[in-house]
Amino acid sequence: MISLILAKKILSLFLVMALGIVLVRCGIVRSRDSKVLSMISLYLVMPCVIISSFQVKYQPEILNGLLLALATAVLLHLVLIVVVGFLGKVLKLDGVEETSLIYSNAGNLIIPIATAILGKEWVIYTSAFLSVQLFLLWSHAKMKLCGEKGIDLKKILTNINMIAIFAGVLLFLLQIQLPAPVQDAVDSISSMVGPMGMLILGMLIAEMDLKKLMSYHRLWWITLLRLVGIPLIGIVLLKYSSLAALVPEGRTILLVTLLAICTPSASTLTQMAQVYGKDADYASAINVVTTLLCIVTMPLMVALYQM
């Protein structure tokens, strides 16, 4: 049942992506206009998503579940960084390929998907994964993608998304609820995360050179690893460990984490590549192909976890 609901939700997001293609093909907007939407997504929508996810009533069970989700997210990312780092040396992967394998499109897809198949009360556990991934995206991923040799901690800590994480955690722990008009505004903007990500992707696809897409000979291996290899590592770690027994409803909390790593490569990488002038075409190609195929692989991975 969960796999079926998941497939339907992914299909609805695909329809939004199709609208992005139509807008460009009809000449209403241009593909390069998506850079503006990328900036809005990175610096406005994502901070609202983070703050909104922490606006829940404090309960010891929720805090324990959050700690489990946080620990699991850290563990999974560390394992993936090590495994992909090893593969990177063996297969001579570049920065775009390595980061596309490690970082999933959880930022755009996990909240609408978790809401659709589990319910809004489970969305808070996505914030733990997003917090870890956002920190690493703006540190490790940016370093790999841009060829930087060191991490600028000041830039990380002053990044708007990291500020949103700190603010969200503080609001949760102090149980400070945003005023109703502010909360409504934040919720409205955060609800744009999935559609906007898919709209940007559709706009990029519309003017994509299919011959150039096919020229990326390693694209299909990266796609296979991203959609099958990485999720299988997650299933082994989550299903066959004793982590689920640590808290009530632990198995479902871990399912949220699994959903996060089963998503396609992070569209944030494409947006970052656009903003920083890196190989956005290749990052976009990986994002496009993994997104098109995830409608098949994600339900299969969830079914394997539930067996």
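The structure presented is a predicted model; accordingly, all values stated were derived computationally and were not measured.

S.K.: Talk me through the environment of Lys 8; I want residue IDs and the actual numbers.
M.R.: Among the structural elements, Lys 8 can be located in helix 1 (residues 2-25). Exposure remark for Lys 8: the relative accessible area of 56% places this residue in the exposed category. On a C-alpha basis, the gap between Lys 8 and Ala 266 in space is 21 Å, while along the polypeptide they are 258 residues apart.

S.K.: Describe the pattern of salt bridges, naming the residues involved and giving the relevant values.
M.R.: Scanning the entire structure with this criterion turns up three salt bridges. Between Lys 144 and Glu 98 there is a salt bridge; the shortest N-O distance is 3.4 Å. Taken as a pair, Lys 144 in helix 6 (residues 124-146) and Glu 98 in helix 4 (residues 95-102) lie far apart in primary sequence, 46 residues in all. Given the relative accessible area of 33%, Lys 144 is considered partly exposed.

S.K.: Summarise unusual backbone geometry; cite the residues concerned and give the values.
M.R.: Note: most peptide bonds trans; most residues except glycine with negative phi. Of note, Gln 175 is a non-glycine position whose phi angle comes to about 55°, a positive value. Inspection of the secondary structure puts Gln 175 in the loop between helix 8 (160-173) and helix 9 (180-190). Classification of Gln 175 as partly exposed rests on a relative accessible area of 30%. At Glu 249, a residue that is not glycine, the phi angle is positive and equals roughly 60°. Position of Glu 249 among the secondary structure elements: in the loop between helix 12 (219-239) and helix 13 (250-262).

S.K.: Before we move on, can you summarise empty space enclosed by the protein with the specific residues and values?
M.R.: Evaluation of the coordinates by the stated rule reveals one cavity of 30 Å³ or more. The calculated volume of the largest cavity comes to roughly 80 Å³. What lines the largest cavity is a set of 14 residues, among which Met 46, Gly 107, Leu 134, Leu 137 and Thr 268 lie closest to the centre. Elements represented by at least two residues in the lining of the largest cavity include exactly helix 2 (34-53), helix 5 (106-117) and helix 6. Looking at side-chain class alone, the lining of the largest cavity contains eight nonpolar, six polar and no charged residues.

S.K.: Describe helix 8, listing the residues and the values that go with them.
M.R.: Its 14 residues give helix 8 an end-to-end C-alpha distance of 20 Å, which sits within 8% of 20 Å, the value for a rise of 1.5 Å per residue. Those residues of helix 8 that sit buried are Asn 161, Met 162, Ala 164, Ile 165, Gly 168, Leu 171 and Phe 172. Where helix 8 is buried, its residues touch helix 2, helix 3 (60-91), helix 6 and helix 7 (153-157). The positive-phi residue at the C-terminal boundary of helix 8 is Gln 175, with phi of around 55°.

S.K.: Give me the packing of aromatic side chains: which residues, what numbers.
M.R.: Scanning all chains against the criterion turns up two aromatic pairs. For the ring pair Trp 122 and Tyr 125, a centre distance of 5.7 Å and an interplane angle of 45° mean the geometry is tilted. Relative accessible area serves as the criterion here: at 14%, Trp 122 is assigned to the buried category. Assessed through its relative accessible area of 8%, Tyr 125 is described here as buried. Geometrically, the ring pair formed by Tyr 216 and Tyr 282 is stacked, given 4.5 Å between the ring centres and 20° between the ring planes.

S.K.: Got a sec to walk through the packing of helix 6 against helix 14 (residues 267-276)? Specific residues and values, please.
M.R.: Their axes nearest at 11 Å, the elements helix 6 and helix 14 cross at an angle of 60°. Compared by their axis directions, helix 6 and helix 14 come out oblique. As helix 6 runs across helix 14, the sense of the crossing is right-handed. On the side of helix 6, the interface is formed by Leu 137, Trp 138, Ala 141, Lys 142, Leu 145 and Cys 146, while helix 14 contributes Thr 268, Leu 269, Met 272, Ala 273 and Tyr 276. Across the contact of helix 6 with helix 14, the residue classes break down as nine nonpolar, one polar and one charged.

Conventions used here
Residues numbered from 1 in each chain as written. Predicted model: local features only at pLDDT ≥ 70, side-chain atom pairs only at ≥ 80, totals over all residues. Heavy atoms only, no water. Helix = DSSP H or I, 4+ residues; strand = E, 2+ residues; numbered from the N terminus. Buried < 20%, exposed > 50% of the residue type's maximum accessible area, 1.4 Å probe, protein only. Salt bridge = Lys/Arg side-chain N within 4 Å of Asp/Glu carboxyl O. 1 Å grid on protein atoms, 1.4 Å probe; cavity = no way out; pocket = protein on both sides within 12 Å on 5 of 7 lines; lining within 4 Å. Points joined across faces, edges and corners; volume = space filled by probe spheres on them. Nonpolar A, V, L, I, M, F, W, Y, C, P; charged D, E, K, R; others polar. Expected span 1.5 Å × (residues − 1). Contact = heavy atoms within 4.5 Å. Phe/Tyr/Trp six-rings, centres within 6.5 Å; stacked < 30°, edge-to-face > 60°. Axes fitted to C-alpha atoms, helices over the stretch in contact; angles between N-to-C directions. Parallel < 35°, antiparallel > 145°, perpendicular 65-115°, else oblique. Left-handed = near helix turned anticlockwise from the far one by under 90°.

This is a description of form; function is not addressed.
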